[in-house]
Amino acid sequence: MHNHVKKILITQDQIIEKTKEIAQQINEDFKGERITLVALLSGSVPFLAELMKHIKLDCEIDFMDVSSYRGTKSTGEVRILKDLTRPIDSCNVIIVEDIVDTGKTLNVVKGILENRDPKALKIVTLLDKPEGREVDCYADYVGFSIPNEFVIGFGLDYDELYRNLPYVGVLREECYM
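Structure report, in brief. What you see is a predicted model, and the numbers here were worked out from it, not measured in a lab. (Residues numbered from 1 in each chain as written. Predicted model: local features only at pLDDT ≥ 70, side-chain atom pairs only at ≥ 80, totals over all residues. Heavy atoms only, no water.)

1. Focus: the nonpolar core
Most often, soluble globular proteins have nonpolar side chains that are buried together. The following threshold applies: Put simply, a nonpolar core is a bunch of buried Ala, Val, Leu, Ile, Met, Phe, Trp, Tyr and Cys residues held in one set by side-chain atoms that sit within 4.5 Å of each other. Throughout this description, buried means an accessible area under 20% of the type-specific maximum (1.4 Å probe, protein chains only), exposed means over 50%, and partly exposed covers the range between. A run of DSSP states H or I qualifies as a helix once it reaches four residues; a run of E qualifies as a strand once it reaches two. Both are numbered from the N-terminal end.
Core analysis: the largest hydrophobic core is formed by 29 residues, its most contacted members being Ile26, Leu127 and Val168. Put simply, the parts of the chain that give this core at least two residues each are helix H1 (12-29), strand S2 (35-41), helix H2 (45-54), strand S5 (92-100), strand S6 (120-128), strand S7 (141-145) and strand S9 (168-171). Counting residues in hydrophobic clusters, the runner-up holds 15 residues, among them Val93, Val100, Leu113 and Cys137.

2. Looking at the side chain of asparagine 27
Note that asparagine 27 resides in helix H1. For asparagine 27, a relative accessible area of 10% translates into the label buried.

3. Examining the sheet that holds strand S1 (residues 5-10)
What counts, and what does not: Following DSSP output, two strands are said to pair if at least two bridges run between them.
Ordered by their spatial adjacency, 3 strands build an open sheet running S1-S9-S8, and the pairing between neighbours is antiparallel. Either end of the sheet is taken by a strand with one partner, and the two such strands are S1 and strand S8 (151-152). The pairing of S8 with S9 spans 2 bridges and is classified as antiparallel. Bridging across to S9, isoleucine 152 finds its partner in glycine 169.

Take a look at the structure:
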């Protein structure tokens, strides 16, 4: 365990097993159809990589870079730094997110993509933090519901650090206070 981690919330093995379950549900829900996974950079990349291993459907990927955090707090301003590279009209789109916290970022992205006429639009997230929710925004596929603590690892960061940890842990408060 990294010395800046107060405790491990979710182990690598738990993440892999839950991701397999989510992929199986996606395989069933979209059986015989092509899907487009839209990963929100940068935090969702490890989750996307694990999820794709277990999806048995024809699958395209694309990326959006969206930002609303500075340090441990949401700024309240959602900025689109990189948009999709191809159209999604008539596509089965699944937004891949690392964590749903306030819901603001995901709500904006969902609205943008809904306006592009996808055949279906779903959301998958590794982590859901319902206590942090400020707007109504919910994922269709959820890995783990977590308490209202600042988490790092498996793509989640604090000022771009700790994304490479193979588990999800709680960052020690003295590291960001």
